[in-house]
Amino acid sequence: MPGDTLNINNKATAQHTYDAIVIGSGISGGWAAKELTEKGLKVLMLERGRNFEHIKDYKSASKDPWDFEHHGQATQEELKRHPIIARTWGKSEPIIDYWANDVDAPYTEIKPFKWWRSYQFGGRSILWGRQSYRWSDFDFDANKKDGWAIDWPIRYKDLSPWYDHVEKFIGVNGSRENLPQLPDGHFLPAMDMTCVEKDVAARIKEKYKGSRHMIIGRSANLTAPIAGRTQCQFRNRCWEGCPFGGYFSTQSSTFPAANATGNLTVRPFSIVTKIIYDKDSKKAKGVEILDAENNQTYQYFSKIVFVNASALNSAWVLMNSATDVWPDGLGSSSGELGHNIMDHHYNCGASGTVDGYEDKYYYGRRPNGVYVVRFANLFGDKRDYLRGFGYQGGASREGWSRSVAELSVGAGFKEALTEPGQWTMGMTAFGEILPHHENKITLDKTKKDKWGLPVLAMDAELKDNELKMRKDMVSEAKAMFESSGIKNINTWDGGHQIGDGIHEMGTARMGRDPKTSVLNEHNQVWDAKNVFVTDGACMTSAACQNPSLTYMALTARAANFSVEELKKGNI
Amino acid sequence: MNRREALSSVALLLGGTIIGADIFLSGCKSDVKISSALDFSPENIAFLDEVGETILPTTAGSPGAKAAQIGQFMKTIVTDCYEEKDQKIFAEGIGKLNAASKTKYDKVFMELGADQKHDLLVAIDKEAKDYQKTKKPEGPNHYFTLMKQLTLWGYFTSKPGATQALRYVAVPGRYEGCIPYKKGDKAWAT
Ligand SMILES: Cc1cc2nc3c(=O)[nH]c(=O)nc-3n(C[C@H](O)[C@H](O)[C@H](O)COP(=O)(O)OP(=O)(O)OC[C@H]3O[C@@H](n4cnc5c(N)ncnc54)[C@H](O)[C@@H]3O)c2cc1C
Ligand code: SF4
């Protein structure tokens, strides 16, 4: 009977209706879910990959190095499933299956592009390097000051309370330095530097008269316990998943909080294929998913949608949405959706040896390094390029993989290798990439993934500004090492393919004008005010600091705003 | 391993990178092929154990590479992780090493005395180093470079190597950046 069908449909719709939907469970999605559920909203979190449970699924975490059949090396068979990761240093035996299957979910490289993806619950929050730095007004002002691209619609003061909020919850260690270009945060105790790092830092300070700073890295590892999580035990095996909950991940931090509210539903194996857009209300009604296991399509409905599928995937979802109104997708009315892709270019720097300190060593494995704060184009410094870079590195004693002078084989050789070798120090730069309209991603409708969905085509490269900066990144590393007494200095530039910095961003930028940006100052899509994009897609410029802390702060800020707007009946 | 370590090991091991890691930098291979030249017969495993033991012998403080079943380890890595071209070099290396042994001592490697084994590998190591220094980066590796790297890597990440030749602490619990070291103290295993 027709009435019955209607009834079933209504019931089904009701069962599929939530206050908010969050697309993606990674670093930013986890934060959206936590904030929204804690504010009382019923939230559905949709994750395209498998479930991945805290502790239980960290299968390798209690193994010793020799328990791995290949002592850490990924096999050729495994690399066949991960041809992109095979081109990176992510090809490690314990975590190889944490990466997305590049064969099932391919993409097109119009220009070479390394896309490091993790499609499982928690996204890349399990694998990330945890370096966590605030941005400053030098960054939020940069586009405006340089007359480059468009201005950020926000400033540091808009984000600073949200940085506090995030740092207090996730736990970030660091030292207070009082540097305007790298604002201090709400820090747990700083980690130690090694003896050599301390001295090199002091020499740099002296040589550059206090204008350059080598500081201990700021990382999201717990140097003191916080509620429900044990402090870091210094094993430096974070990316396998930490059974102590010693670093921030969705699993250790945001998910438990969101789950405790009783307001969260997680649906794994749910590839969001589009946002359902309602022309009349000019808002999203919900989303459509493809179940990655049974290939069925389902719809879910909500008042708010948070898009946190990671920068490129969030753009992909938007490109596939509302195409009856805008052929290039929701948010494309500005002509900027998928454009202005940025990253941090790295993999160049210097290394060398340090004489002396033979009577010094360290205990424990520090999951963190030292950081040289940006100095280029700041405080009167002027270069032949825009923006700047920071360095990440460290000093340690060589281990068994070194060569031993005079000895090559036999008992003496072996005995020599059982002791630590000389001190070495190395660092790589992370440089800012400018937004260029022509650096873009588009849908490649000629190629389909395992589920028959169109894939992304990557068309982005470094331009002059970055190439000039790279030369400086190398020569300044050398100069700083020389001035601090480091010997046998080797410089290298391994080149950079966009994506390899794993800080891809900018594909749905924020701005002040719907004609030139996809999102407004609250991360709302100009063309659908109840859709919020708060991952790397939203970035208007890239700065040179690792970006995830900023994604988290932006997400918390937007989530708070969305609930207020909902209460006011504005969305 | 984090990004910094990965990079520093690449940077610091230039010319001496662990081959398995090195080859991956050259890009993906769409097909996994196992070289038909590979032969890990029990005799060859015993031979590789002996090569390993000569490179890292048993000493007063710790067992040698044989105790870490180094021949078996080489079989696993070469079969599962090596590209076909390095598999071939490795496989042919067994014959080449024996040929060098015959030229020098008129005996195959397994029949040599301990001192002869040592002296032969010292000579081959020198040959390998000179060769690696002058070869093009994409050029074929020397077989002994592969065998020696597998020996060092396999041994020092094995249980006896990590816990007896080196110091291994599974869960350090804390970090101290600057502590005294006295000559003779062992290096940390990881
Ligand atoms: C090895 C490594 C080291 C790093 N080091 C640092 C560092 O030190 N500091 C730093 O700031 N950043 C670092 N990063 C980057 C950091 O991991 C990312 O910036 C961050 O994870 C981005 O968060 P996200 O929420 O946007 O995306 P992710 O964490 O990638 O999560 C996205 C989630 O969305 C899911 N998804 C994708 N598409 C869909 C869809 N259509 N439907 C449903 N779900 C979908 C994915 O499966 C995934 O779970 C590192 C990354 C890696 C891999
Ligand atoms: S270093 Fe700390 S956070 Fe990382 S895995 Fe070890 S205990 Fe966990």
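Only a predicted model underlies this, so the values are computations on that prediction, with no experimental measurement involved. (Residues numbered from 1 in each chain as written. Chains lettered and ligands numbered in written order. Predicted model: local features only at pLDDT ≥ 70, side-chain atom pairs only at ≥ 80, totals over all residues. Heavy atoms only, no water.)

## Here we look at the overall build of chain A
Convention followed: Segments assigned H or I by DSSP are reported as helices when at least four residues long, segments assigned E as strands when at least two residues long, and all are numbered from the N terminus. This radius of gyration counts C-alpha atoms alone. The globule rule is 2.2 Å times how many residues there are, raised to the power 0.38. Relative accessibility thresholds used throughout: buried, under 20% of the residue-type maximum; exposed, over 50%; partly exposed, between the two (1.4 Å probe, protein chains only). The contact criterion used is simple: two residues touch if any of their non-hydrogen atoms lie within 4.5 Å. Methods summary: accessible areas were calculated by the Shrake-Rupley approach with a probe of 1.4 Å, and residue burial reflects only the protein chains presented. Neither His nor the chain ends contribute to the count of charged residues, in which Lys and Arg are positive and Asp and Glu negative. Charge positions are represented by NZ for Lys, CZ for Arg, CG for Asp and CD for Glu.
Regarding its fold elements, chain A presents twelve helices and 21 strands. Against the compact-globule benchmark of 25 Å for 571 residues, chain A has a radius of gyration of 24 Å, which places it among compact chains. Along the three orthogonal principal directions, the C-alpha set of chain A runs to about 90 × 55 × 45 Å. Across the 571 residues of chain A, 66% fall into the buried class. Taking contacts inside chain A between residues at least 6 apart in sequence as the whole, the part at least 24 apart equals 72%. By element, 49% of the accessible surface of chain A is carried by carbon and sulfur atoms, the whole surface being about 20,000 Å². One finds the centroid of the 70 positive side-chain charges in chain A at a distance of 2 Å from the centroid of its 70 negative side-chain charges.

## Topic: the pattern of salt bridges
Basically, it comes down to this: Each salt bridge in this description consists of a side-chain nitrogen of Lys or Arg and a carboxyl oxygen of Asp or Glu lying within 4 Å of one another.
As enumerated under the stated definition, the model contains 52 salt bridges over all chains in all. The partner of Asp57(A) in a salt bridge is Lys56(A), and the shortest N-O contact between them spans 3.7 Å. We note a salt bridge from Lys117(B) to Glu50(B), for which the minimum N-O separation is 3.0 Å. A residue pair is termed long-range when its members are at least 10 positions apart, and Lys117(B) in helix α6 (residues 114-134) and Glu50(B) in helix α3 (residues 42-55) qualify at 67 residues. For the pair shown, Lys117(B) and Glu50(B) are each scored as buried.

## Overview of the site of ligand 2
Put simply, the rule is: Definition of nearness: a residue and a molecule or strand are near each other if at least one heavy atom of the residue lies within 4 Å of the molecule or strand. Residues are sorted three ways: Asp, Glu, Lys and Arg are charged, Ala, Val, Leu, Ile, Met, Phe, Trp, Tyr, Cys and Pro are nonpolar, and all the rest, Gly among them, are polar.
In the vicinity of ligand 2, 13 residues are found, and the nearest of them are Cys232(A), Gln233(A), Asn236(A), Cys238(A) and Cys242(A). Residues belonging to the shell around ligand 2 are distributed by class as follows: seven nonpolar, four polar and two charged.

## Structural notes on the environment of Gly185(A)
Residue and element names in this part refer to chain A. Checked against the element boundaries, Gly185 lands in the loop between β4 (172-173) and β5 (187-188). Each C-alpha atom of the pair Gly185 and Trp116 lies 28 Å from the other, and the pair is 69 residues apart in sequence. Setting aside residues up to four positions removed in sequence, Gly185 forms contacts with Arg134, Glu167 and Arg176.

## What to know about the packing of aromatic side chains
As a reminder, the rule being used: Two rings belonging to Phe, Tyr or Trp (six-membered ring only in the last case) form a pair when the distance between their centres is within 6.5 Å. Interplanar angles under 30 degrees mark stacking, angles over 60 mark edge-to-face geometry, and anything in between is tilted. Whether a charge lies above a ring is judged from NZ of Lys or CZ of Arg, which has to be within 6 Å of the ring centre and within 35 degrees of the ring normal.
All told, the structure shown has 35 aromatic pairs over all chains when counted by the stated rule. Taking 5.8 Å as the distance between ring centres and 40° as the angle between the ring planes, the aromatic pair formed by Trp135(A) and Phe140(A) counts as tilted. With respect to class, Trp135(A) is no different from Phe140(A); both count as buried. These aromatic residues form a ring-pair network of at least three members: Tyr357(A), Tyr361(A), Tyr362(A), Tyr363(A), Trp423(A), Tyr181(B) and Trp188(B). In this structure, Lys117(B) is placed above the aromatic ring of Phe109(B), and the distance from its NZ or CZ to the ring centre is 5.9 Å.

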